Amino acid sequence: MAYFTDAEARQIIRDTYTAVAPGSAEVAHQLYTAAELDGLPPGAVALALGVGHPVRHACLRPGEVVLDVGCGGGIDTLLAARLVGPSGRVIGLDMTPAMVERTREHARAAGLAWVEVREGLMEAIPLEDASVDVVVTNGVLNLSTRKSRALAEMRRVLRPGGRLALADLVVTEALPEDVLRSAPALAG
Amino acid sequence: MLAKKVANVGFEALRVVERRPVGLDELARYPVFPEEFVAFLRRAIPEDRHAALVWAVTVTARNPGGVDGA
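Since we're looking at a predicted model, the values are computed, not measured.

Enquirer: How would you sum up the nonpolar core? Please name residues and give values.
Expert: One finds Leu67(A), Val132(A), Val135(A), Met154(A) and Leu164(A) to be the most contacted residues of the largest nonpolar core, which totals 84 residues. In terms of residue count, the dominant contributor to this core is strand S5 (residues 158-170) of chain A (seven residues). Aside from chain neighbours lying at most four places away, what touches Leu164(A) is Val135(A), Met154(A), Leu158(A), Val6(B), Phe11(B), Val59(B), Thr60(B) and Ala61(B).

And the structure:
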C-alpha cells in the first residue's frame, strides 16, 4: 500500500536531504575503515548516510566507469573514484540539488577530477544504455516508490556483463501503520 | 525480498554478501531521523523488536551477457 504519491514522496525526500545537517561521523566509522576515510573531505564523512559498503563488494578496477545511484554527500562516489583512478570515471546521481552540489564540492576538495555529478531520478537515469561498467547504490532504493522501475534503469545503463552492488534496508516484519505514514520513515 | 526484486528485472549471479540487523540505537545515529521520530518509534514498536527493527542487506549481481572476469 502506498501512503504517499510519487510527487509527495520526492518532495519529502528532497526537503529532508536538503535540510540534513552533517552528523557525528559515527555512521561512517561503522561502515568504512579508517584507511578508507583517511584523506576524505570531512563533510563527505559526516554526511555518510548509507547502510552498507557496496563499493567494497563491487570489485572495482582501474579504468572502469561507475555510477553511484543516490550519491548523497558523495562518500561512496569518492571511494569508487579512488579505486578506478583517473583512467576511469565515476558518475554520482542524486535527485536533491543540495546533495549534488555537496558531492561536487567534496570531489573538488579531494582532487578527484574524474568524478561527475548529475541531478536526476533513479527511475529515469540520465545516461545512455549500456554506458557504465558498475552500478553501486547505498541505502537509496528504499526511497523509491517504484523500486522495480529503478532497478530496471540500473540494468539498462549497465553494459552487458556489468555489475551491480546494492545495499539497502529491508523490513522483514510489518511496521505499525502510523510509522509507515510518517514522513521521516519515508525519507530514511 | 530485495534479491527477488533484483532478479525480477533480469540480473543474474545474485549473491547476498552481507545481512545484518539494524536496531533503533543505530537508526538514531542517522541525522535524517529527528530525535522526536526515534522517540516515536520507541513508543510505537514493541521493545522486543528494537534491536533488529530492519535489516541492512547488500546484494551483488551481474547484467547478463558480455564477458566479465569479476
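There is more to say, and it comes next.
Enquirer: Run through unusual backbone geometry, naming residues and quoting values.
Expert: Residues and elements named next belong to chain A. Even without being glycine, Cys59 reaches a positive phi, approximately 50°. Phi angles above zero are rare outside glycine, and Ala130 is one such case at about 50°. Along the chain, the position of Ala130 falls in the loop between strand S3 (115-119) and strand S4 (132-138). With relative accessibility at 41%, the residue Ala130 sits in the partly exposed group.

Enquirer: Residue-level account of the interface of chain B and chain A, with values.
Expert: By a widespread convention, an interface's size corresponds to the accessible area lost as its parts come together. Opposite the 42 residues of chain B that make contact, chain A presents 48 residues. Joining chain B to chain A, the criterion identifies one salt bridge. For Arg29(B), the salt bridge goes to Glu26(A), with nearest N and O atoms at 3.6 Å. Put simply, chain B and chain A have 15 residue pairs in polar contact (both at pLDDT 80 or more) between them. When contributions to the side of chain B that touches chain A are tallied by element, the ones reaching two or more residues are helix H1 (2-8), strand S1 (12-22), helix H3 (35-44) and strand S2 (54-62) of chain B. At nine residues, the largest contribution of residues to the side of chain B that touches chain A is made by S2(B). Class assignment for the residues of the side of chain B that touches chain A results in 26 nonpolar, seven polar and nine charged.

Enquirer: I'd like a rundown of the environment of Arg14(A), residues and numbers included.
Expert: Residue and element names in this part refer to chain A. Looking at the element boundaries, Arg14 is found in helix H1 (residues 6-19). Look at Arg14 and you get partly exposed, because its relative accessible area is 25%. Each C-alpha atom of the pair Arg14 and Asp76 lies 20 Å from the other, and the pair is 62 residues apart in sequence.

Quick notes on the rules
- Residues numbered from 1 in each chain as written.
- Chains lettered and ligands numbered in written order.
- Predicted model: local features only at pLDDT ≥ 70, side-chain atom pairs only at ≥ 80, totals over all residues.
- Heavy atoms only, no water.
- Core = buried A, V, L, I, M, F, W, Y, C linked by side-chain atoms within 4.5 Å.
- Buried < 20%, exposed > 50% of the residue type's maximum accessible area, 1.4 Å probe, protein only.
- Helix = DSSP H or I, 4+ residues; strand = E, 2+ residues; numbered from the N terminus.
- Contact = heavy atoms within 4.5 Å.
- Salt bridge = Lys/Arg side-chain N within 4 Å of Asp/Glu carboxyl O.
- Polar contact = N/O pair within 3.5 Å; in protein donor to acceptor, adjacent residues only side chain to side chain.
- Nonpolar A, V, L, I, M, F, W, Y, C, P; charged D, E, K, R; others polar.

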